[in-house]
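In case you want the letters, here they are:
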Amino acid sequence: QVQLVESGGGLVQAGGSLTLSCVVHGKPLSSLALGWYRQAPGKHNEMVAVVTTGGTIRYGDSVKGRFTLGKDNAKATLSLQMNNLLPDDSGVYYCRAQVPLLPQEWWGQGTQVTVSS
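Conventions and cut-offs
- Residues numbered from 1 in each chain as written.
- Predicted model: local features only at pLDDT ≥ 70, side-chain atom pairs only at ≥ 80, totals over all residues.
- Heavy atoms only, no water.
- Core = buried A, V, L, I, M, F, W, Y, C linked by side-chain atoms within 4.5 Å.
- Buried < 20%, exposed > 50% of the residue type's maximum accessible area, 1.4 Å probe, protein only.
- Helix = DSSP H or I, 4+ residues; strand = E, 2+ residues; numbered from the N terminus.
- Contact = heavy atoms within 4.5 Å.
- Disulfide = S-S within 2.5 Å.
- Phe/Tyr/Trp six-rings, centres within 6.5 Å; stacked < 30°, edge-to-face > 60°.
- Pairing = 2+ DSSP bridges.
- Salt bridge = Lys/Arg side-chain N within 4 Å of Asp/Glu carboxyl O.

1. Some remarks on the nonpolar core
So, step 1. By size, the foremost hydrophobic cluster in this structure holds 29 residues, and its most contacted members are W36, L80, M82 and Y93.
So, step 2. The set of elements that each furnish at least two residues to this core consists of β3 (18-25), β4 (33-39), β5 (46-51), β7 (67-72), β8 (77-82), β9 (91-99) and β11 (111-116).
So, step 3. Those residues within four positions of L80 in sequence are excluded, and the remaining contacts are L18, T19, L20, W36, V48, A49, F67, T68, L69 and Y93.

Printed below as a string of C-alpha coordinates:
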(Lines give C-alpha, C1' and ligand atoms only; values in the text may rest on other atoms or scores of the structure.)
Protein backbone atom coordinates (compact mmCIF):
# COMPACT_ATOMS: atom_id res chain seq x y z
CA GLN A 1 0.00 0.00 0.00
CA VAL A 2 1.25 3.47 -0.87
CA GLN A 3 0.59 6.52 1.27
CA LEU A 4 1.19 10.07 0.07
CA VAL A 5 1.53 12.93 2.54
CA GLU A 6 1.49 16.46 1.12
CA SER A 7 2.53 19.69 2.78
CA GLY A 8 3.49 23.23 1.93
CA GLY A 9 0.28 24.88 0.84
CA GLY A 10 -0.85 28.24 2.11
CA LEU A 11 -1.86 31.77 1.30
CA VAL A 12 0.43 33.91 -0.84
CA GLN A 13 0.13 37.13 -2.80
CA ALA A 14 0.25 37.14 -6.57
CA GLY A 15 3.85 37.04 -7.76
CA GLY A 16 4.95 35.08 -4.71
CA SER A 17 6.32 31.58 -4.37
CA LEU A 18 5.46 28.36 -2.58
CA THR A 19 7.01 24.91 -2.46
CA LEU A 20 4.86 21.82 -2.07
CA SER A 21 6.21 18.50 -0.86
CA CYS A 22 4.84 14.98 -1.10
CA VAL A 23 6.43 12.21 0.94
CA VAL A 24 5.77 8.77 -0.52
CA HIS A 25 5.52 5.76 1.79
CA GLY A 26 5.28 2.15 0.74
CA LYS A 27 7.12 1.93 -2.59
CA PRO A 28 10.38 3.36 -3.90
CA LEU A 29 9.94 6.47 -6.01
CA SER A 30 11.93 4.86 -8.80
CA SER A 31 9.10 2.37 -9.35
CA LEU A 32 6.34 4.97 -9.62
CA ALA A 33 5.07 7.50 -12.10
CA LEU A 34 4.35 10.62 -10.07
CA GLY A 35 2.63 13.90 -10.50
CA TRP A 36 0.92 16.96 -9.15
CA TYR A 37 -2.67 17.82 -10.01
CA ARG A 38 -4.93 20.60 -8.89
CA GLN A 39 -8.61 21.32 -8.65
CA ALA A 40 -10.26 24.68 -8.23
CA PRO A 41 -13.95 25.17 -7.40
CA GLY A 42 -16.06 24.67 -10.50
CA LYS A 43 -13.13 23.47 -12.59
CA HIS A 44 -11.92 20.07 -13.72
CA ASN A 45 -8.97 18.31 -12.18
CA GLU A 46 -5.93 19.69 -14.02
CA MET A 47 -2.53 18.11 -14.55
CA VAL A 48 0.17 20.45 -13.22
CA ALA A 49 3.35 18.40 -13.62
CA VAL A 50 4.15 14.72 -14.01
CA VAL A 51 7.30 12.61 -14.11
CA THR A 52 7.73 9.14 -15.52
CA THR A 53 9.82 6.38 -14.00
CA GLY A 54 12.40 7.24 -16.67
CA GLY A 55 12.63 10.82 -15.43
CA THR A 56 10.75 12.58 -18.22
CA ILE A 57 8.90 15.60 -16.85
CA ARG A 58 5.90 17.22 -18.44
CA TYR A 59 4.14 20.42 -17.36
CA GLY A 60 0.69 21.77 -17.92
CA ASP A 61 0.64 24.67 -20.36
CA SER A 62 -0.53 27.16 -17.76
CA VAL A 63 2.45 26.55 -15.44
CA LYS A 64 5.33 26.13 -17.89
CA GLY A 65 8.24 28.38 -17.03
CA ARG A 66 6.89 29.10 -13.53
CA PHE A 67 6.69 25.71 -11.79
CA THR A 68 9.46 23.15 -11.34
CA LEU A 69 8.92 19.56 -10.33
CA GLY A 70 11.60 17.87 -8.23
CA LYS A 71 12.10 14.25 -7.28
CA ASP A 72 14.41 13.03 -4.53
CA ASN A 73 14.52 9.24 -4.50
CA ALA A 74 16.68 9.11 -1.36
CA LYS A 75 14.19 11.20 0.61
CA ALA A 76 11.17 9.59 -1.06
CA THR A 77 9.90 13.09 -1.79
CA LEU A 78 8.26 14.74 -4.75
CA SER A 79 8.30 18.53 -4.72
CA LEU A 80 6.76 21.36 -6.68
CA GLN A 81 8.46 24.74 -6.67
CA MET A 82 5.91 27.37 -7.70
CA ASN A 83 7.10 30.82 -8.68
CA ASN A 84 5.32 33.91 -9.95
CA LEU A 85 2.03 32.60 -8.66
CA LEU A 86 -1.23 33.88 -10.15
CA PRO A 87 -4.73 33.94 -8.64
CA ASP A 88 -5.70 31.28 -11.20
CA ASP A 89 -3.19 28.94 -9.55
CA SER A 90 -5.43 28.74 -6.49
CA GLY A 91 -6.91 25.35 -5.70
CA VAL A 92 -6.31 22.11 -3.90
CA TYR A 93 -3.11 20.45 -5.04
CA TYR A 94 -2.88 16.68 -5.00
CA CYS A 95 0.06 14.34 -5.30
CA ARG A 96 -0.55 11.19 -7.33
CA ALA A 97 1.45 7.98 -7.66
CA GLN A 98 0.88 5.22 -10.17
CA VAL A 99 2.47 1.89 -10.96
CA PRO A 100 3.13 2.10 -14.71
CA LEU A 101 0.98 -0.16 -16.89
CA LEU A 102 -1.04 -1.39 -13.92
CA PRO A 103 -4.38 -0.17 -12.57
CA GLN A 104 -2.80 0.91 -9.31
CA GLU A 105 -2.80 4.54 -8.29
CA TRP A 106 -2.88 6.52 -5.08
CA TRP A 107 -3.68 10.12 -4.21
CA GLY A 108 -2.66 12.30 -1.32
CA GLN A 109 -5.12 14.17 0.85
CA GLY A 110 -4.51 17.48 -0.91
CA THR A 111 -3.06 20.78 0.20
CA GLN A 112 -4.75 24.14 -0.33
CA VAL A 113 -3.01 26.90 -2.26
CA THR A 114 -4.61 30.32 -2.29
CA VAL A 115 -3.14 33.18 -4.31
CA SER A 116 -4.55 36.62 -3.57
CA SER A 117 -4.56 39.39 -6.15
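2. As for the state of the cysteines
So, step 1. Applying the stated criterion to the full structure yields 1 disulfide.
So, step 2. Covalent S-S linkage joins C22 and C95, the inter-sulfur distance amounting to 2.2 Å. Across the S-S bond of C22 and C95 the torsion is about -80°, and the bridge reads as left-handed. In this pair, C22 sits in strand β3 while C95 sits in strand β9, placing the two residues 73 residues apart along the sequence. The two residues C22 and C95 agree in class, both being buried.

3. Some details on the packing of aromatic side chains
So, step 1. Summed over all chains, the structure comprises 2 aromatic pairs.
So, step 2. Arranged with centres 6.4 Å apart and planes meeting at 80°, the rings of Y94 and W107 form a pair that is edge-to-face. Linking Y94 in strand β9 with W107 in strand β10 (residues 104-107), this pair joins segments that are 13 residues apart in sequence.
So, step 3. Taken together, the ring pairs connect Y37, Y94 and W107 into an aromatic cluster.

4. Some words on the pairing of strand β1 (residues 3-7)
So, step 1. Here β1 shows one buried face, formed by L4 and E6, and one open face, formed by Q3, V5 and S7.
So, step 2. Sheet topology note: the β1/β3 ladder contains 5 bridges and is antiparallel. In the sheet register, L4 faces β3, and the bridge partner there is V24.

5. Digging into the pattern of salt bridges
So, step 1. Counted under the stated rule, the structure contains 5 salt bridges.
So, step 2. Of the charged contacts, one joins D89 and R66 as a salt bridge, the two residues approaching to 2.7 Å between their closest N and O atoms. Remark: R66 occurs in the loop between β6 (57-59) and β7 and D89 occurs in the loop between β8 and β9; sequence separation between them is 23 residues.
So, step 3. R96 is paired through a salt bridge with E105; the nearest N and O atoms lie 2.7 Å apart.
So, step 4. A residue is classified by how much of its surface remains accessible, and E105, at 42% relative accessible area, is partly exposed.
So, step 5. In this structure, a network of salt bridges that share partners links the residues R38, E46, R66 and D89.

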